[in-house]
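Reading the structure
Each chain, written out:
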Amino acid sequence: MYQIKIVADSSADMLELGALPFTSVPLKIIASQKEYVDDAALDVEQMVTDLLSTKEKSSTACPCVGDWLEAFGEAERIFCITITSTLSGSFNSANSAKQAYEEAHPDRKVCLIDSLSTGPEMKLIVEKIRAEYEKGRSFEEICRTVETYQKHTGLMFMLESLRNLANNGRVSRLAASAAGILGIRVIGKASERGDLEQLAKCRGEKKALPAFLRFMKEEGYCGGLVRISHCLNEAAAQAFSQLLKAEFPKAQVEIYPSRGLCSFYAEKGGMLVGFEKA
Ligand code: X90
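Residues numbered from 1 in each chain as written. Predicted model: local features only at pLDDT ≥ 70, side-chain atom pairs only at ≥ 80, totals over all residues. Heavy atoms only, no water.

1. Quick look at the overall build of the chain
Check the secondary structure of the chain and you find 10 helices and 13 strands. Against the compact-globule benchmark of 19 Å for 278 residues, the chain has a radius of gyration of 18 Å, which places it among compact chains. Dimensions of the chain, computed from C-alpha atoms along their principal axes, come out at roughly 55 × 45 × 30 Å. Looking at the chain as a whole, 52% of its 278 residues are labelled buried. Pairs at least 24 apart in sequence give 73% of the contacts found in the chain among residues at least 6 apart. Accessible area of the chain: about 12700 Å², with a carbon and sulfur share of 50%. Of the side-chain charges in the chain, 34 are positive and 37 negative, and the distance between the mean point of each set is 6 Å. (Helix = DSSP H or I, 4+ residues; strand = E, 2+ residues; numbered from the N terminus. Rg over C-alpha atoms; globule rule 2.2 N^0.38 Å. Buried < 20%, exposed > 50% of the residue type's maximum accessible area, 1.4 Å probe, protein only. Contact = heavy atoms within 4.5 Å. Areas by Shrake-Rupley, 256 points an atom, 1.4 Å probe, with all protein chains shown as cover. Lys, Arg positive; Asp, Glu negative; His and termini not counted. Charge placed at Lys NZ, Arg CZ, Asp CG, Glu CD.)

Structure (structure tokens):
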């Protein structure tokens, strides 16, 4: 069997992939006093706490071409997954790295995937690649399968604040102004274009979670895999998982804390849900 390597930027919230060669390429979070590298050493909770205590604007930076090339290493068949190209330059620099890599080594190949999403939806894609590889599928077959799979996965979010998204021009000020009002939760999804689309504003998590599930079903969820990442809000993730399992007892749900990049934008209390859909 041929050997593959999977490379994803750190917005996938993944640090390793068991036995398969995997590298996470960190984005950076840049605050006035400090730069945080979104790698395994980052203390996410500390970063979120630091950022909450400052009024100054912070920003982020995507990996550069060299970062991607370094992660590709000497692998011959690479699956490379990025955060949505609509909101980040990560895909662009990965694409330049792919061109350079394939030109320098004509026998090597990079299958580059624009997730048009982030976080838990990227994790589903990575897991799909692993499953197909373990079934013995060829590199080309897996590339095609992933393209189809992406049409059957979605990402939804629940956020308490859109401040960092608005400060960095990733959503409009108007969209951001409702969140930030005490108790308001914004529910939305990754649109087909790969940006944020607002679905509803709810007062309080108690109302938001059932609404979240209703929207998820409207999006086509019918019992498939679910991946939930949260920024310091395990309680909401657990409560949501219970609601979901009450209707879909066989649903396979995984809950985990988001890493740096997603925690920066989802902010304290935020929850991201990646799911399979019809
Ligand atoms: O290149 C960079 O500096 C990174 C910019 C990333 C901007 C958006 C990150 C969004 C993270 C927020 C909720 C989910 C949104 C899904 C939209 C596709 C998480």
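2. Focus on the site of the ligand
In the vicinity of the ligand lie 17 residues, with Thr60, Cys62, Ser88, Arg170 and Tyr265 positioned nearest. Between the ligand and Thr60, the relevant distance is 2.5 Å, taken from an oxygen atom to a side-chain nitrogen or oxygen of the residue. In this structure, an oxygen atom belonging to the ligand sits 2.7 Å away from a side-chain N or O atom of Ser88. Its free accessible area being 560 Å², the ligand has 99% of it covered by the protein chains. Those elements that provide at least two residues to the shell around the ligand are β5 (59-61) and β8 (153-159). Residues of the shell around the ligand, tallied by class, amount to 10 nonpolar, 6 polar and 1 charged. (Near = heavy atom within 4 Å. Polar contact = N/O pair within 3.5 Å; in protein donor to acceptor, adjacent residues only side chain to side chain. Nonpolar A, V, L, I, M, F, W, Y, C, P; charged D, E, K, R; others polar.)

3. Observations concerning the pattern of salt bridges
What the rule picks out here adds up to 15 salt bridges. Two residues, Lys123 and Glu127, come together in a salt bridge whose shortest N-O distance is 2.8 Å. Note that Lys123 and Glu127 are positioned in helix α4 (residues 119-134) at a spacing of 4 residues, about one turn of the helix. Exposure class is identical for Lys123 and Glu127. Each is buried. Measuring nitrogen to oxygen at the nearest pair gives 3.9 Å for the salt bridge that ties Lys128 to Glu132. Here Lys128 pairs with Glu132, and both are found in helix α4, just 4 residues apart, close to one helical turn. Overall, Lys128 belongs to the partly exposed group, its relative accessible area being 23%. (Salt bridge = Lys/Arg side-chain N within 4 Å of Asp/Glu carboxyl O.)

4. As for the side chain of Asp114
Here Asp114 shows up in strand β7 (residues 109-114). Here Asp114 sits buried without a salt bridge, and the closest side chain of opposite charge, Arg193, lies 11 Å off (N-O distance). Apart from the residues lying within four places of it in its own chain, the contact partners of Asp114 are Thr82, Ile83, Thr84, Ser85, Phe91 and Gln150.

5. Quick word on helix α1 (residues 44-52)
For α1, the set of buried residues is Val44, Met47, Val48 and Leu51. With its buried residues spanning 95° around the axis, α1 presents them on a single face. Against the buried residues of α1 lie β3 (28-30), β4 (35-37) and α10 (260-266). (Arc of directions from axis to C-beta.)

6. Remarks on the confidence of the model for the chain
Averaged over the chain, the pLDDT score is 96; the fraction of residues at 70 or greater is 100%. Mean pLDDT in the chain bottoms out at helix α7 (residues 173-178), which sits at 77, and peaks at strand β11 (residues 226-230), which reaches 99. (pLDDT = per-residue confidence, 0-100.)

7. Quick notes on unusual backbone geometry
The residue Leu232 is not glycine, and still its phi comes out positive at about 50°. Residue placement: Leu232 occurs in the loop between β11 and α9 (234-247). Residue Leu232 is classed as partly exposed on the basis of its relative accessible area, which comes to 35%. The backbone of Glu267 shows a phi angle near 65°, a positive value even though the residue is not glycine. One can find Glu267 in the loop between α10 and β13 (271-276). The class of Glu267 is buried, set by a relative accessible area of 10%.

8. A closer look at the packing of helix α8 (residues 205-218) against α9
Two elements in contact, α8 and α9, have axes whose closest approach is 10 Å; the angle formed by their N-to-C orientations is 50°. One way to sum up the angle between α8 and α9 is to call them oblique. Between α8 and α9 the crossing geometry is right-handed. Contacts between α8 and α9 involve Glu205, Leu209, Pro210, Phe212, Leu213, Met216 and Lys217 from the former and Ala236, Ala239, Phe240, Leu243, Leu244 and Glu247 from the latter. Across the contact of α8 with α9, the residue classes break down as 10 nonpolar, no polar and 3 charged. (Axes fitted to C-alpha atoms, helices over the stretch in contact; angles between N-to-C directions. Parallel < 35°, antiparallel > 145°, perpendicular 65-115°, else oblique. Left-handed = near helix turned anticlockwise from the far one by under 90°.)

9. Some points on the sheet that holds strand β12 (residues 253-257)
Here we have 6 strands laid out as an open sheet, ordered β10-β9-β8-β13-β11-β12, and mixed in their pairing. In the strand order of this sheet, the two ends are held by β10 (196-203) and β12, each with one partner. The sheet shows a mean angle of 20° between the axes of neighbouring strands, direction not considered. Note: strand β9 (residues 184-190) against β10, 7 bridges, orientation antiparallel. Each bridged residue has a counterpart across the sheet, and for Val186 the counterpart in β10 is Lys201. Sheet contacts for α8: β8, β9, β10, β11 and β13; angle to β8, the most-contacted strand, approximately 165°. (Pairing = 2+ DSSP bridges.)

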